[in-house]
Amino acid sequence: MNLSLIVPVYNEQDNLPLLFEAIYKVMTPLNQAWEVILVDDGSQDKSLSVLQKYAQTDSSHIRVISFRRNFGQTAAIAAGLDYAQGATIVLLDADMQNDPADIPMMLAKLDEGYDLVSGWRKSRKDNAITRNFPSMIANWIISRVTGVHLHDYGCTLKAYRRDVLEGFRLYGEMHRFIPVYASSVGAKITEMQVNHYPRRFGKTKYGLERTAKVVLDLFTVKFLVAFSSKPIYLFGGTGGALMIASTIMMAYLFFRRLFFFVSVTGSPLFQVSAMLFTLGFQSMLMGLIAELLVRTYHESQRKPTYTVRTMINLDQDPRD
Ligand code: UDP
Ligand code: MG
């Protein structure tokens, strides 16, 4: 299998026929083995029966997974990834806001040697106040914090080489952070402008609250990517800084006591200093616990702390 398309579907009954039409129009001339995995995320409308109908007529290309209830777009994407067989994976929305016609140019870009091609909805057709503007800010923050510079994390339409997705689990709203993870394992990433259309049928499932969730997820992602194999650097660093601040305060108090005869314990600085020292010490200890957890995490899954692009004259798995 060369190519797997993954499409999360939640209450999109009227969009699906258009989507299938567009997908066939693009995939047929490509002349390669492809599949589309549609994940019905517990739709309450007729989406599932529409999907069943298409799956029956074309069992060689169309695969359907149907959730028992609504688990969210990220879970739907995760399920699609679990079952996808293609060496290349393309994610897109079911509502025809993304344009399947953009897929061939993204695949061509992958062929140039990139591992991930991210779609950029330069002229995005969503609500300017509740979606586009907050998302612009969120994209800016994510780029700054992660150092992975993309204009549009939220665009579902992205193409991936399968191996950069290996070993990554998706939680919360995290599918948009796949590029951050991919970059942390050394993927070559680029972005391309893609088409974007207003929704014709059905309505959006998201509003302003989504941006808030995304920013919270950013904390987790940043922590996991930057410190997951060395948590003591974060906890120990914070702890160390607090303890140094505490020591400086204490030194100042003793200096005042010696030369100006001001009581040490009478000053509020004394309490603050004692508190900072305790916090700092606690933080160091937490770092040690986190180090234990990291070892359990990597060793229980036999997960190496590195990722390999290619090997020459080596084929055995070092763990066997
Ligand atoms: N979606 C999903 N589960 C959800 C919400 C959305 O599978 O709980 C799907 C939805 O059917 C669509 C895609 O995710 O294919 C993007 O959703 P939507 O168009 O509502 O988001 P927007 O384009 O407004 O960001
Ligand atoms: Mg949409």
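Residues numbered from 1 in each chain as written. Chains lettered and ligands numbered in written order. Predicted model: local features only at pLDDT ≥ 70, side-chain atom pairs only at ≥ 80, totals over all residues. Heavy atoms only, no water.

Some details on the coordination of the magnesium ion (ligand 2)
Here is step 1: Here the magnesium ion (ligand 2) is held by Asp-95 (OD) and Gln-97 (OE1), and the distances to it run 1.9 Å.
Here is step 2: By relative accessible area, which is 7% here, Gln-97 ends up buried. (Donors = N, O, S within 2.8 Å, 3.2 Å for Na, K, Ca; no water. Buried < 20%, exposed > 50% of the residue type's maximum accessible area, 1.4 Å probe, protein only.)

So, the side chain of Asp-58
Here is step 1: Within the secondary structure, Asp-58 sits in the loop between helix H2 (47-57) and strand S3 (62-66).
Here is step 2: Side-chain polar atoms of Asp-58 contact the side chain of Tyr-24, separated by 2.4 Å. (Helix = DSSP H or I, 4+ residues; strand = E, 2+ residues; numbered from the N terminus. Polar contact = N/O pair within 3.5 Å; in protein donor to acceptor, adjacent residues only side chain to side chain.)

Let's talk about the pairing of strand S7 (residues 189-193)
Here is step 1: Burial of S7 is one-sided: the residues Thr-190 and Met-192 facing one way are buried, the residues Ile-189, Glu-191 and Gln-193 facing the other way are not.
Here is step 2: Two elements, strand S5 (residues 116-120) and S7, share five bridges in a ladder whose sense is parallel. Among the inter-strand pairings, Gly-119 is bridged to a residue of S7, identified as Met-192. (Pairing = 2+ DSSP bridges.)

Notes on the packing of aromatic side chains
Here is step 1: As enumerated under the stated definition, the model contains seven aromatic pairs in all.
Here is step 2: Pairing Tyr-24 with Trp-34 gives two aromatic rings, centres 5.8 Å apart and planes at 75 degrees, and the pair type is edge-to-face. On the criterion of sequence distance, the pair formed by Tyr-24 in helix H1 (residues 16-30) and Trp-34 in strand S2 (residues 34-40) is long-range, its members being 10 residues apart.
Here is step 3: Given a relative accessible area of 26%, Tyr-24 falls into the partly exposed group.
Here is step 4: Ring geometry for Phe-223 and Phe-235: centres 6.4 Å apart, planes at 80 degrees, overall edge-to-face. Note that Phe-223 is positioned in helix H7 (residues 209-227) and Phe-235 in helix H8 (residues 231-260), a separation of 12 residues in sequence. (Phe/Tyr/Trp six-rings, centres within 6.5 Å; stacked < 30°, edge-to-face > 60°.)

With respect to the sheet that holds S5
Here is step 1: What the seven strands build is an open sheet, ordered S3-S2-S1-S4-S6-S5-S7; its pairing is mixed. Strand pairing shows two members of the sheet lacking a second neighbour, S3 and S7, which therefore form its edges. The sheet shows a mean angle of 20 degrees between the axes of neighbouring strands, direction not considered.
Here is step 2: Packing of H2 onto the sheet brings it into contact with strand S1 (3-9), S2 and S3, and relative to S3 it is tilted by some 150 degrees. (Axes fitted to C-alpha atoms, helices over the stretch in contact; angles between N-to-C directions. Contact = heavy atoms within 4.5 Å.)

Re helix H3 (residues 73-83)
Here is step 1: Counting buried positions along H3 yields eight of 11 residues, so the element is predominantly enclosed.
Here is step 2: Taken as a whole, H3 has its buried residues at Gln-73, Thr-74, Ala-76, Ile-77, Ala-78, Ala-79, Gly-80 and Leu-81.
Here is step 3: On its buried face, H3 is in contact with S1, S2, S3, strand S4 (88-91) and H7.

Structural notes on the packing of H8 against helix H9 (residues 268-300)
Here is step 1: At a minimum axis separation of 7 Å, H8 and H9 run at an interaxial angle of 160 degrees. Relative to H9, H8 is oriented roughly antiparallel. Crossing handedness for the pair H8 and H9: left-handed.
Here is step 2: For the contact of H8 with H9, a count of residues per class yields 22 nonpolar, nine polar and one charged. (Parallel < 35°, antiparallel > 145°, perpendicular 65-115°, else oblique. Left-handed = near helix turned anticlockwise from the far one by under 90°. Nonpolar A, V, L, I, M, F, W, Y, C, P; charged D, E, K, R; others polar.)

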